Amino acid sequence: MRNFKELKVWQKAHQLVLAVYRDSSSFPVEERFGLTAHLRKTALSIPSNVAEGCGRQTDRDLARFLSIAAGSASELDYQLLLAHDLSYLPIDAYRALVEQVAEVRRMLYRFLQSLEADT
């Protein structure tokens, strides 16, 4: 078992969640239970799955949760594009968030590769 708070990938994913919450706070009220909620839930899924995987007993279990987190990162990438295309996210905020998503996804894949190399 690992302490997820010590992992750089979890720290970056946590910062991403905070940024998504901040940048989605100005979305239209009618999106509160739609895109806003979906974006936040998807973003939250990334560090949550890293944390859950760290609480498991085997690297195989951890790898499964890291893979789920990477899938959530891809889902978030699309949802951010949609928010931008709907003019809910200005281009600067969109680019910054997408850059964070890409960094977290790369870190997740490197972590997965390191786990596979150890087995």
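Counting restarts for each chain, with residues numbered from 1 along the sequence as it is written. Whole-chain, interface and lining totals are the exception, using all residues; otherwise, since this is a predicted model, local features are given only for residues with pLDDT of at least 70 and side-chain atom pairs are given and counted only at 80 or more. Excluding hydrogens and water, the side-chain figures rest on all heavy atoms present in the structure.

**Focus on the packing of helix 1 (residues 8–24) against helix 2 (residues 35–54)**
Link 1 in the chain: With their axes 9 Å apart at the nearest point, helix 1 and helix 2 run at an angle of 165° to one another. Taken together, the axis directions place helix 1 and helix 2 in an arrangement best described as roughly antiparallel. At the point where helix 1 passes helix 2, the crossing takes the left-handed sense. Residues Val 9, Trp 10, Ala 13, His 14, Leu 16, Val 17, Val 20, Tyr 21 and Ser 24 of helix 1 form the contact with helix 2, whose participating residues are Thr 36, Leu 39, Arg 40, Ala 43, Leu 44, Ile 46, Pro 47, Val 50 and Ala 51. As a rule, the C-alpha atoms of each element are fitted with a line to give its axis, helices using only the stretch in contact, and angles between N-to-C directions run from 0 to 180 degrees. Helix numbers and strand numbers start at the N terminus; a helix is a DSSP run of H or I with at least 4 residues, a strand a run of E with at least 2. Roughly parallel covers angles under 35 degrees, roughly antiparallel covers those over 145, roughly perpendicular covers 65 to 115, and oblique covers all other angles. Throughout, a crossing is termed right-handed when the near helix is turned clockwise from the far one, and left-handed when it is turned anticlockwise from it by less than a right angle. Here, residues are in contact when the closest pair of their heavy atoms is within 4.5 Å.

**Thoughts on helix 2**
Link 1 in the chain: Its 20 residues give helix 2 an end-to-end C-alpha distance of 29 Å, which sits within 8% of 28 Å, the value for a rise of 1.5 Å per residue.
Link 2 in the chain: Every buried residue belonging to helix 2 is among Leu 35, Thr 36, Leu 39, Thr 42, Ala 43, Ser 45, Ile 46, Pro 47, Asn 49, Val 50, Gly 53 and Cys 54, and all of these are buried.
Link 3 in the chain: Here the buried face of helix 2 lies against helix 1, helix 3 (59–85) and helix 4 (91–118). Expected span, for any helix, means 1.5 Å times one less than how many residues it has. For every residue, the accessible area (1.4 Å probe, protein chains only) is compared with the maximum for its type, and the residue is labelled buried under 20%, exposed over 50%, or partly exposed between those bounds.

**Describing helix 4**
Link 1 in the chain: Here helix 4 spans 41 Å end to end across 28 residues, near enough to the 40 Å set by a 1.5 Å rise per residue.
Link 2 in the chain: Contact partners of the buried residues in helix 4: helix 1, helix 2 and helix 3.

**What about the environment of Val 101?**
Link 1 in the chain: Tracing the backbone shows Val 101 in helix 4.
Link 2 in the chain: By relative accessible area, Val 101 is classed as buried at 0%.
Link 3 in the chain: Residues contacting Val 101, with those up to four places away along its chain left out, are Leu 16, Ala 73, Leu 76, Asp 77 and Leu 80.

**Description of the pattern of salt bridges**
Link 1 in the chain: Whenever Lys or Arg places a side-chain nitrogen within 4 Å of a carboxyl oxygen from Asp or Glu, that contact is recorded as a salt bridge. The final tally for this structure, using the stated rule, is five salt bridges.
Link 2 in the chain: One salt bridge in this structure joins Arg 22 and Asp 23, with 3.6 Å as the shortest N-O distance.
Link 3 in the chain: By relative accessible area, which is 53% here, Arg 22 ends up exposed.
Link 4 in the chain: The partner of Arg 56 in a salt bridge is Glu 52, with the nearest N and O atoms 2.6 Å apart.
Link 5 in the chain: Classification of Glu 52 as partly exposed rests on a relative accessible area of 36%.

**Quick word on the nonpolar core**
Link 1 in the chain: Note on terminology: a nonpolar core comprises buried Ala, Val, Leu, Ile, Met, Phe, Trp, Tyr and Cys residues joined through side-chain atoms within 4.5 Å. Among the nonpolar cores identified, the biggest contains 37 residues, and Ile 46, Val 50, Leu 76, Leu 80 and Leu 108 are the most heavily contacted of them.
Link 2 in the chain: Residue assignment for this core shows that the elements contributing at least two residues are helix 1, helix 2, helix 3 and helix 4.
Link 3 in the chain: The element contributing the most residues to this core is helix 4, with eleven residues.
Link 4 in the chain: Excluding anything up to four places from it in sequence, Leu 76 contacts Leu 16, Val 20, Leu 39, Thr 42, Ala 43, Ile 46 and Val 101.

**What to know about the packing of helix 1 against helix 4**
Link 1 in the chain: With their axes 10 Å apart at the nearest point, helix 1 and helix 4 run at an angle of 155° to one another. Relative to helix 4, helix 1 is oriented roughly antiparallel. Crossing angle aside, the handedness with which helix 1 passes helix 4 is left-handed. Contacts between helix 1 and helix 4 involve Lys 8, Val 9, Lys 12, Ala 13, Gln 15, Leu 16, Ala 19, Val 20 and Asp 23 on the former and, on the latter, Ala 93, Leu 97, Gln 100, Val 101, Glu 103, Val 104, Met 107, Leu 108 and Phe 111.
Link 2 in the chain: Polarity classes work like this: nonpolar for Ala, Val, Leu, Ile, Met, Phe, Trp, Tyr, Cys and Pro, charged for Asp, Glu, Lys and Arg, and polar for all others, with Gly in that last group. Looking at the contact of helix 1 with helix 4, its residues break down into twelve nonpolar, two polar and four charged.

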